[in-house]
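Chains, contacts and geometry: an overview
Here is how the chains run, residue by residue.
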Amino acid sequence: MTTIVLDLTGLKCPMPVLKARKALTTLRVGDRLEVHCTDPMSLIDIPVMIQETGDRLESTARPEGTIVFVIEKASAADRGDA
């Protein structure tokens, strides 16, 4: 299991969600993507993207003016793609 950190601080909507979605496509099942954002819209956009992709949002935190999402890549069966 690998964790990839994606620093998207300073980017505005729609870039954080687009870059996070692209990064998720490169992960294997069980890998994690840790996304760091500063755009307040990402609090809406990232969870909506996760609902669409079927992956799992493990946590959302807001340390020091940053928003940090931890996303686990789900299997096709978990996402309903099987």
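In short, a report on the structure.

Rules behind the numbers
- Residues numbered from 1 in each chain as written.
- Predicted model: local features only at pLDDT ≥ 70, side-chain atom pairs only at ≥ 80, totals over all residues.
- Heavy atoms only, no water.
- Pairing = 2+ DSSP bridges.
- Helix = DSSP H or I, 4+ residues; strand = E, 2+ residues; numbered from the N terminus.
- Axes fitted to C-alpha atoms, helices over the stretch in contact; angles between N-to-C directions.
- Contact = heavy atoms within 4.5 Å.
- Expected span 1.5 Å × (residues − 1).
- Polar contact = N/O pair within 3.5 Å; in protein donor to acceptor, adjacent residues only side chain to side chain.
- Core = buried A, V, L, I, M, F, W, Y, C linked by side-chain atoms within 4.5 Å.
- Buried < 20%, exposed > 50% of the residue type's maximum accessible area, 1.4 Å probe, protein only.

1. Digging into the sheet that holds strand β1 (residues 3-7)
Strand order across the open sheet formed by four strands is β1-β2-β4-β3, with mixed pairing between neighbours. In this open sheet, the two strands that pair with only one neighbour each are β1 and β3 (56-61). Pairs of neighbouring strands in the sheet enclose a mean axial angle of 15°, with direction left out of account. Those strands touched by helix α1 (residues 15-25) are β1, β2 (32-37) and β4 (67-72), and its axis lies near 165° from that of β2. Sheet strands in contact with helix α2 (residues 42-53) are β2, β3 and β4, and its direction is about 5° off that of β4.

2. As for α2
Between its first and last C-alpha, α2 extends 16 Å over twelve residues, near the 16 Å set by a 1.5 Å rise per residue. Backbone geometry just downstream of α2 places G54 in the positive-phi region, at approximately 85°.

3. A few points about the side chain of R32
You can see R32 is positioned in strand β2. Within polar-contact distance, the side chain of R32 engages the side chain of E58 at 2.7 Å. Setting aside anything within four residues of it in sequence, one finds R32 in contact with M1, T2, T3, I4, L27, E58, V70, I71 and E72.

4. Re the nonpolar core
Core analysis: the largest hydrophobic core is formed by 16 residues, its most contacted members being L24, L33, V35, I46, M49, F69 and I71. Every element with two or more residues in this core is listed here: α1, β2, α2 and β4. The biggest single contributor to this core is α1, with four residues. Beyond its immediate chain neighbours, meaning those up to four positions away, I46 contacts P16, V17, A20, F69 and I71.

Remember, this is a structural readout, not a statement about activity or role.
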